[in-house]
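Summary of the model geometry
Residue strings, one per chain:
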Amino acid sequence: MIPAVLPTYNRVPLTFVSGEGSWLVEADGRRFLDLGAGIAVNCLGHAHPALTKALTDQAGQVWHLSNLYNIPSQQALADKLVDATFADTVFFTNSGTEACELAVKMARKYWYEKGEDRSEIITFSGSFHGRSSAGIAAAGSEKMTKGFGPLLPGFTHLEFGDHDALKAAVSDKTAAILIEPVQGEGGIRPVPDQCLKGLRDICDQTGALLIFDEVQCGVGRTGKLFAHEWAGISPDIMMVAKGIGGGFPLGAVLATENAAFGMTAGTHGSTYGGNPLGCAVGNAVMDIVGSDEFLAEVNRKAGLLRQKLEGLVADNPDVFEGVRGSGLMLGLKCKVTNMDVVTAGYGQNVLTVPAADNVVRLLPALNITDEDIAAATDKLDSAAKTLSFE
Ligand SMILES: *Cc1c(COP(=O)(O)O)cnc(C)c1O
């Protein structure tokens, strides 16, 4: 008999009933150190007082308003994002997938309005852009697309890091290039700054729009508010979600005035996108994560964690191959099967997340304490020792 919940997830038999900071409490009372943060969602940990207050204050006033009317917290959050980024305008969604849908629509509408036949969007192997029809067509992997055809047409998939293929693929039919500045699901694979600059150059030369998917790597995760800032360039369109809501479903598409010019009244919409509850929390997240002091702390903590992880790898050479990633978006490349490391972690009360390319992801809360960083590497070391051949 099919389970009451559609069995699309491989669930671990753990049931968390409460959380505080970087810790989650299991129904049986065990306390787990959470280095996954809901896959880069709970960027300020669990039950952060400022986020709880923002949500409950808003809940006592008004939960939902149609986008037929002005929504002050939505306007305020849009203003903050425009002030803090390259963007001139913002559309709010409830998830990263919905942000992908609009990013694709916006790029195609741009060329339609220009009167040019350019609908092709270039994407890269190992990418992840959500599970909608556009999202899976964009990523293109067999794992995500098999059985779900006919797929949304118009995506050209290139090998991650193949510069020659990229130069050959971009043409006067290219509407946009879509890329994660740091691949998350793909195994914590950062795109080098030089390559992001190169993509910007190619787009400037050909007119193609540059779309960054910062759903996982954005909102302070790499130590800048958005990951592409390290490269000193900016996209035309950017997808945001996960961390921006700190655990409440919230996403956004940010765009320049130029890239957004086709999106006039009536061309797109969402019932819940930009609702008062989500935007109240989003404002609270931005007020904290958007400050220079907070981001400086993320960078300091990232340095500390990385240094300890390098030690972990050196001490467990038959389990780990190396550390990679950026800021508090780190990956442990494994020599054993990555899922065995994640499972051994459960035995030591530490939560990590597997990714492709045999990597274990560490995406802790951005406000993780120094003590919890030390506890994290101790627990990972104990987990690794249970797998070591010696
Ligand atoms: C998680 C993720 C998405 C999809 O976001 P959802 O909120 O699950 O729809 C898209 N792109 C990237 C890079 C992601 O990590």
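Here the structure is shown first, and the text comes after it.
Read on for an overview of the structure. (Residues numbered from 1 in each chain as written. Predicted model: local features only at pLDDT ≥ 70, side-chain atom pairs only at ≥ 80, totals over all residues. Heavy atoms only, no water.)

**A few points about the site of the ligand**
To keep things clear, this is the line we draw: The cutoff for a nearby residue is simple: one of its non-hydrogen atoms must lie within 4 Å of the molecule or strand. N or O atoms within 3.5 Å of each other form a polar contact, as long as, within protein, one can give a hydrogen and the other can take it, and as long as residues adjacent in sequence are counted only when both atoms are side-chain atoms. The accessible surface values rely on the Shrake-Rupley method and a 1.4 Å probe; as for residues, cover is taken only from the protein chains in view. Just so you know the grouping, Ala, Val, Leu, Ile, Met, Phe, Trp, Tyr, Cys and Pro go in nonpolar, Asp, Glu, Lys and Arg go in charged, and all remaining residues, Gly too, go in polar.
Near the ligand the following residues occur: Ser95, Gly96, Thr97, Phe128, His129, Gly130, Glu180, Asp213, Val215, Gln216 and Lys242. Residue glycine 96 places a main-chain N or O atom 2.9 Å away from an oxygen atom belonging to the ligand. Between phenylalanine 128 and the ligand, the recorded distance is 3.1 Å, taken from a backbone N or O atom to a nitrogen atom. In the complex, the protein chains occlude 83% of the 390 Å² of accessible area that the ligand would expose alone. Its residues assigned to classes, the shell around the ligand shows 2 nonpolar, 6 polar and 3 charged.

**Thoughts on the layout of surface pockets**
Note the threshold: Only protein atoms enter the 1 Å grid used here, on which a cavity is any set of points holding a 1.4 Å probe that cannot leave and a pocket is any open set flanked by protein within 12 Å on both sides along at least five of seven lines; residues with an atom within 4 Å of a point are listed as lining. Grid points are joined across faces, edges and corners, and a volume is the space filled by probe spheres set on the points. For helices the rule is a DSSP run of H or I covering at least 4 residues; for strands it is a run of E covering at least 2, with both sets numbered from the N terminus onward.
Estimates place the volume of the second largest pocket at around 630 Å³. Contributions of two or more residues to the lining of the second largest pocket are made by helix H3 (72-84), strand E4 (89-93), helix H4 (96-113) and strand E12 (251-255). Considering every element that reaches the lining of the second largest pocket, the biggest residue donor is E4, with 4 residues. Grouping the constituent residues of the lining of the second largest pocket by class yields 13 nonpolar, 11 polar and no charged.

**So, the packing of aromatic side chains**
As a reminder of what qualifies: When two rings of Phe, Tyr or Trp (its six-membered ring) have centres within 6.5 Å they constitute a pair, described as stacked for plane angles under 30 degrees, edge-to-face for angles over 60, and tilted for the intermediate range. When accessible area is computed with a 1.4 Å probe and restricted to protein chains, residues below 20% of their type maximum are described as buried, those above 50% as exposed, and intermediate ones as partly exposed. Only lysine NZ and arginine CZ atoms are considered, and such an atom sits over a ring when it is within 6 Å of the ring centre and within 35 degrees of the ring normal.
All told, the structure shown has 3 aromatic pairs when counted by the stated rule. Centre to centre, the rings of phenylalanine 16 and phenylalanine 32 are 5.4 Å apart; their planes meet at 75°, and the pair counts as edge-to-face. On the criterion of sequence distance, the pair formed by phenylalanine 16 in strand E1 (residues 16-20) and phenylalanine 32 in strand E3 (residues 31-34) is long-range, its members being 16 residues apart. On the basis of an interplanar angle of 85° and a centroid distance of 4.9 Å, the ring pair of tyrosine 110 and tryptophan 111 is categorised as edge-to-face. Each member of the pair tyrosine 110 and tryptophan 111 is classed as buried. Put simply, the rings of Tyr110, Trp111 and Phe261 pair up and form one aromatic cluster. Between the NZ or CZ atom of arginine 31 and the centre of the ring of tryptophan 23, over which it lies, the distance is 4.8 Å. In this structure, arginine 108 is placed above the aromatic ring of phenylalanine 155, and the distance from its NZ or CZ to the ring centre is 5.3 Å.

**Some points on the sheet that holds strand E5 (residues 120-124)**
Our working definition: Strand pairing is assigned whenever DSSP identifies at least 2 bridges connecting the two strands. Here, axes are lines fitted to C-alpha atoms. For helices the fit covers the stretch in contact, and angles between N-to-C directions go from 0 to 180 degrees. What makes two residues a contact is simply this: any of their non-hydrogen atoms within 4.5 Å.
Read from one edge to the other, the open sheet built from 7 strands follows the order E4-E12-E11-E10-E7-E5-E6, with strand pairing classed as mixed. Each edge of the open sheet is held by one strand with a lone partner, namely E4 and strand E6 (155-158). Recorded for the sheet is a direction-independent mean angle of 20° between the axes of neighbouring strands. Bridge analysis of E4 against E12 gives 5 bridges, and the strand direction is antiparallel. By the bridge assignment for E12, phenylalanine 92 is matched with alanine 252. Sitting on the sheet, helix H8 (residues 193-206) is in contact with E5, strand E7 (174-179) and strand E10 (209-213), with an inclination near 150° to E10.

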